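Descriptive analysis of the structure
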Amino acid sequence: MEAKEWKEKLLMEKKNGYDRMPAGEREAMNSYCQGYKAFLDAGKTERECVREGIRLAEEKGFRAYERGMELKSGDKVYLNNRGKMLLLAVIGQKSLAEGAQIAAAHIDSPRLDLKPSPLYEDSELAYLKTHYYGGIRKYQWVTIPLEIHGVVALKDGKTVNVVIGEGSEPKLVINDLLPHLGAEQSKKTLAEGIAGEQLNIMAGSEPMEGEEKDRVKLAVMKVLYEKYGFTEEDFISAELEAVPAAKATDIGLDASLIGAYGHDDRVCGYAALRALLDLEEVPGKTAVCVLADKEEIGSVGVSGMLTHAFDTFMEDLCDSQNVPVRACLEKSFCLSADVTAAYDPNFGDVYEKRNSSFVNYGIGLCKYTGSRGKGGASDASAELVAYVRRIFDENGVIWQMAELGKVDAGGGGTVAAYMANRNIDTLDAGVPVLAMHAPFEVVAKLDCYMTYKGMTAVYMN
Ligand code: MN
Ligand code: MN
């Protein structure tokens, strides 16, 4: 063989996705990304993502699942778990005894939750106190426009949907110190520069007429009451999330990237959902899409991936075919779809370039995640990685191998271990993200689209 042939045979090809993607796929990629941006704008909280997910699913003929429902091949169902987690399935041609093809992603993102007693006045300014949710770098959340999305549950059983700051409505903000007086603050570390208890959102400044104390606070509460019908005490039973006001937008002069709040992990969540909704044929095995809540704080609770709601859903599907759920799970495959860290040349020293994922190189497969010696990782088997690279190659999915940063530089986890603990063969894969967990994260369109294609390959294989 010639040297060139040897090279092609023996060495791994590492090529930019744009040099590998057929030219005809551009249009499909762009139209997919339009849909993704619309999904991001409609879903800034887990509840909104569930609502939008159901709307899209019903458009495609999915029906709400009810226990005992008769299910036949080709049936499309969804289960809304408490408005925060969404489970969907397309019943396959084969028995569930042969396993299901599962894609699991999460739809919660880092944010600032309002405390149970958030509203106060100080120096004739009204503020809302927050408790941050997930791993944020606190200094990034000041001096950017914020909105508040969520619900207030009233004592009479009604739940009020709240969206403050959308469209032309006034936004909210957390202030930072001016540099002129920032000498002491500037000596602190990035982690300490803005403290958790300083993440107080400015909510108003105009006092109400009268002689009362806290007239600015009262005026803010009056606006909330008139608009949403809740009182200060109702904050106690509310879930109000301060999220960045920015809309999803193209980034770069070539518009090759998308900037938005909440790519982690709606970029995989949308891919998993869209691919299931777009299936043109009835899959061989039953295809299941899980959009979970609470990943950012450990996948706990009734709506996190550790919930038995998932097992119950699978058991119900299996019951309809008289298959023991354990027999189904042990033959199932799960793609744990979560974002990975894209190599950032601006911070190159925390990445190990040979094993890092790169923007525009396609969906990143992670054999393991974890930290300090793979701690907490499910570490997929070699055989499983081989299976996924085979089905991706067979289906024109551009993919790359990915590890999250240098050994001992830090680390992270996903829902993979919780799926693997259920005796489901599980592999991590997802879109490489720049500035992950920032209020405005960046991903490449090519990687988004390849993740969607990868999900289709999983469901159909
Ligand atoms: Mn994630
Ligand atoms: Mn995350």
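Our structure is the block above this text.
In this report, we go over the structure that sits alongside the text.

**Some remarks on the overall build of the chain**
- Helix and strand content of the chain: 12 helices and 22 strands.
- A compact globule built from 461 residues would reach a C-alpha radius of gyration of about 23 Å, and the chain, at 23 Å, matches this within 12%.
- With respect to the three principal axes, the spread of C-alpha positions in the chain is 90 × 60 × 40 Å.
- Within the chain, the fraction of its 461 residues that count as buried is 51%.
- By sequence separation, contacts in the chain at least 24 residues apart represent 76% of the contacts at least 6 residues apart.

**Describing the coordination of the manganese ion (ligand 2)**
- Binding of the manganese ion (ligand 2) to the protein goes through Asp-264 (OD), Glu-296 (OE), Glu-296 (OE) and His-437 (NE2), at separations of 2.1 to 2.6 Å.
- Each donor residue of the manganese ion (ligand 2) lies on one chain, and together they are spaced D-x31-E-x140-H.
- By relative accessible area, Glu-296 is classed as buried at 13%.
- You can call His-437 buried: its relative accessible area is 16%.

**Observations concerning the packing of helix α2 (residues 26-42) against helix α12 (residues 445-460)**
- In contact at an axis separation of 9 Å, α2 and α12 are set at 90° when each is read in the N-to-C sense. It follows that α2 is roughly perpendicular to α12 by the angle criterion. Residues Ala-28, Met-29, Asn-30, Tyr-32, Cys-33 and Tyr-36 of α2 pack against Lys-445, Leu-446, Cys-448, Tyr-449 and Tyr-452 of α12.
- Looking at the contact of α2 with α12 residue by residue, the class counts come to 9 nonpolar, 1 polar and 1 charged.

**Looking at the coordination of the manganese ion (ligand 1)**
- Here the manganese ion (ligand 1) is held by His-106 (NE2), Asp-264 (OD), Asp-338 (OD) and Asp-338 (OD), and the distances to it run 2.1 to 2.6 Å.
- The sequence pattern describing where the donors of the manganese ion (ligand 1) fall on their chain is H-x157-D-x73-D.
- A separation of 3.3 Å is found between the manganese ion (ligand 1) and the manganese ion (ligand 2), which are bridged by Asp-264. Here the residue Asp-264 occupies a position in helix α7 (residues 263-277), and Asp-338 occupies one in the loop between β14 (333-337) and β15 (340-341), the gap between them amounting to 74 residues.

Rules of the game
- Residues numbered from 1 in each chain as written.
- Chains lettered and ligands numbered in written order.
- Predicted model: local features only at pLDDT ≥ 70, side-chain atom pairs only at ≥ 80, totals over all residues.
- Heavy atoms only, no water.
- Helix = DSSP H or I, 4+ residues; strand = E, 2+ residues; numbered from the N terminus.
- Rg over C-alpha atoms; globule rule 2.2 N^0.38 Å.
- Buried < 20%, exposed > 50% of the residue type's maximum accessible area, 1.4 Å probe, protein only.
- Contact = heavy atoms within 4.5 Å.
- Donors = N, O, S within 2.8 Å, 3.2 Å for Na, K, Ca; no water.
- Axes fitted to C-alpha atoms, helices over the stretch in contact; angles between N-to-C directions.
- Parallel < 35°, antiparallel > 145°, perpendicular 65-115°, else oblique.
- Nonpolar A, V, L, I, M, F, W, Y, C, P; charged D, E, K, R; others polar.

Any functional reading would require information beyond the geometric quantities listed.
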